[in-house]
Amino acid sequence: MSLNHTYVNPTAAPCVMVIFGATGDLTKRKLLPALCNLAQDDVLPKQFAIVGFAGNDYDTGSFRKMLADEIPKYALAPINSKLWDWMNERIYYVRGDFQDAEAFKRLDQQIAEANKEHNALGNRFFYLAVAPRFFSPIAQMLGQCGLTKEENDRWARVIVEKPFGHDLASARQLNHDLKQVLTEKQIYRIDHYLGKETVQNVMVFRFSNNIIEPHRAALEPQLRRPRPDHRRGNRWSRTSWQFL
């Protein structure tokens, strides 16, 4: 997929991307292949880094090796070796529990180091590739550690995926919990059935302090369209976006 032929200067702003649940299937099947596509199309910022956060027993070196082994299995086309080398040196890993304050302190330190190393200008966004029950605890920990604080033109964003709660009441409660920590503009809720190309569009045009409004408007109807949740098959997980 090439984005450059339709958009003027679509390159996203410098940032550090934090992936919670980074050792799961979503990272290697969708997120990293999407990031590689963005880099290939030259719309990923050069001032960019990825910090994976999960409970699995990796360090930065072994995490990089795991991704290097796994990503080629899921990429739609062979990944240029130089491009992967560029990406690989921007990947870091923090091991920890989603409710462990000490682990979030280590995360904060790693983000600061990655930000300095790659000149990401203090911008950061957090992709919650985790089970919905972890959305609120992670958001609360991010808030307690000051990682969602925005100042001096530095922005922070949090992305969560549907299913967003298991019924109307739980969806409203989760929305309430997130808004205790985040402003509405900091929260993005997407449907995991939208696919890798939409993930790319979201990452370029929505996780940035220079959002291009026409593209956002064009994408919004697609993001809000209810999609079946075959794994759960219940009414509210399919349509809870209508109530937020």
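See the structure above.
Residues numbered from 1 in each chain as written. Predicted model: local features only at pLDDT ≥ 70, side-chain atom pairs only at ≥ 80, totals over all residues. Heavy atoms only, no water.

Caption draft 1: Just the overall build of the protein, in detail. The helix and strand inventory of the protein stands at 9 helices and 6 strands. Each of the 244 residues in the protein was classed as buried or not, and the buried ones make up 51%. Taking all contacts inside the protein whose residues are at least 6 apart in sequence as the whole, residues at least 24 apart take part in 80%. Here the protein displays about 11600 Å² of accessible surface, and carbon together with sulfur accounts for 47% of that area. (Helix = DSSP H or I, 4+ residues; strand = E, 2+ residues; numbered from the N terminus. Buried < 20%, exposed > 50% of the residue type's maximum accessible area, 1.4 Å probe, protein only. Contact = heavy atoms within 4.5 Å. Areas by Shrake-Rupley, 256 points an atom, 1.4 Å probe, with all protein chains shown as cover.)

Caption draft 2: A look at the packing of aromatic side chains. By the definition in use, this model includes 10 aromatic pairs. Geometrically, the ring pair formed by F20 and F104 is stacked, given 5.8 Å between the ring centres and 25° between the ring planes. A residue pair is termed long-range when its members are at least 10 positions apart, and F20 in strand β1 (residues 15–20) and F104 in helix α4 (residues 101–118) qualify at 84 residues. Ring-pair connections join several aromatic residues into one group, and the members of that group are F20, F53, F98, F104, F126 and F134. (Phe/Tyr/Trp six-rings, centres within 6.5 Å; stacked < 30°, edge-to-face > 60°.)

Caption draft 3: Quick peek at the pairing of strand β2 (residues 48–54). Most of β2 sits out of view: 7 of its 7 residues are buried. Burial of β2 is two-sided: the residues F48, I50, G52 and A54 facing one way and the residues A49, V51 and F53 facing the other way are all buried. Across 6 bridges, β1 lies against β2 in parallel orientation. In the strand pairing of β2, V18 is matched with V51. What joins β1 to β2 is helix α1 (residues 25–40), and the crossover it makes is right-handed. Examined bridge by bridge, β2 and strand β3 (residues 91–95) share 5 bridges and lie parallel to one another. Looking at the pairing, V51 lines up with Y92 of β3. (Pairing = 2+ DSSP bridges. Right-handed = clockwise from strand over helix to strand, strands pointing away.)

Caption draft 4: Spotlight on the pattern of salt bridges. In total, this model carries 11 salt bridges according to the counting rule given. With its nearest N and O atoms 3.2 Å apart, the salt bridge here joins R95 to D57. With R95 in strand β3 and D57 in the loop between β2 and α2 (60–74), this pair connects stretches of sequence that are 38 residues apart. Residue R95 is classed as partly exposed on the basis of its relative accessible area of 44%. The exposure class of D57 is exposed, given its relative accessible area of 63%. Measuring nitrogen to oxygen at the nearest pair gives 3.2 Å for the salt bridge that ties E70 to K73. (Salt bridge = Lys/Arg side-chain N within 4 Å of Asp/Glu carboxyl O.)

Caption draft 5: Representation of α4 within the structure. In this model α4 runs 26 Å from its N-terminal to its C-terminal C-alpha over 18 residues, within 8% of the 26 Å that 1.5 Å per residue would give. For α4, every residue scored as buried is listed here: A103, F104, L107, Q110, I111, A114 and H118. Relative to the axis of α4, the buried residues are bounded by an arc of 115° and lie together on one face. Along α4, exposed side chains directed more than 90 degrees from the buried face belong to K105 and K116. On its buried face, α4 is in contact with β1, β2, β3, β4 (124–128) and α5 (135–144). (Expected span 1.5 Å × (residues − 1). Arc of directions from axis to C-beta.)

Caption draft 6: Region of the structure containing the nonpolar core. In this structure, F20, V51, L107, F126 and L128 are the most contacted members of the largest nonpolar core, which totals 32 residues. Of all the secondary-structure elements, those providing two or more residues to this core are β1, β2, β3, α4, β4, α5, β5 (156–161) and α6 (168–179). (Core = buried A, V, L, I, M, F, W, Y, C linked by side-chain atoms within 4.5 Å.)

Caption draft 7: How the structure looks around the environment of G143. Structurally, G143 is set in helix α5. C-alpha separation for the pair G143 and L178, spaced 35 residues apart in sequence, amounts to 9.8 Å. Those residues in contact with G143 that lie beyond four places of it in its chain are T148 and V181.

Everything listed here is a matter of geometry and, on its own, says nothing about what the molecule does.
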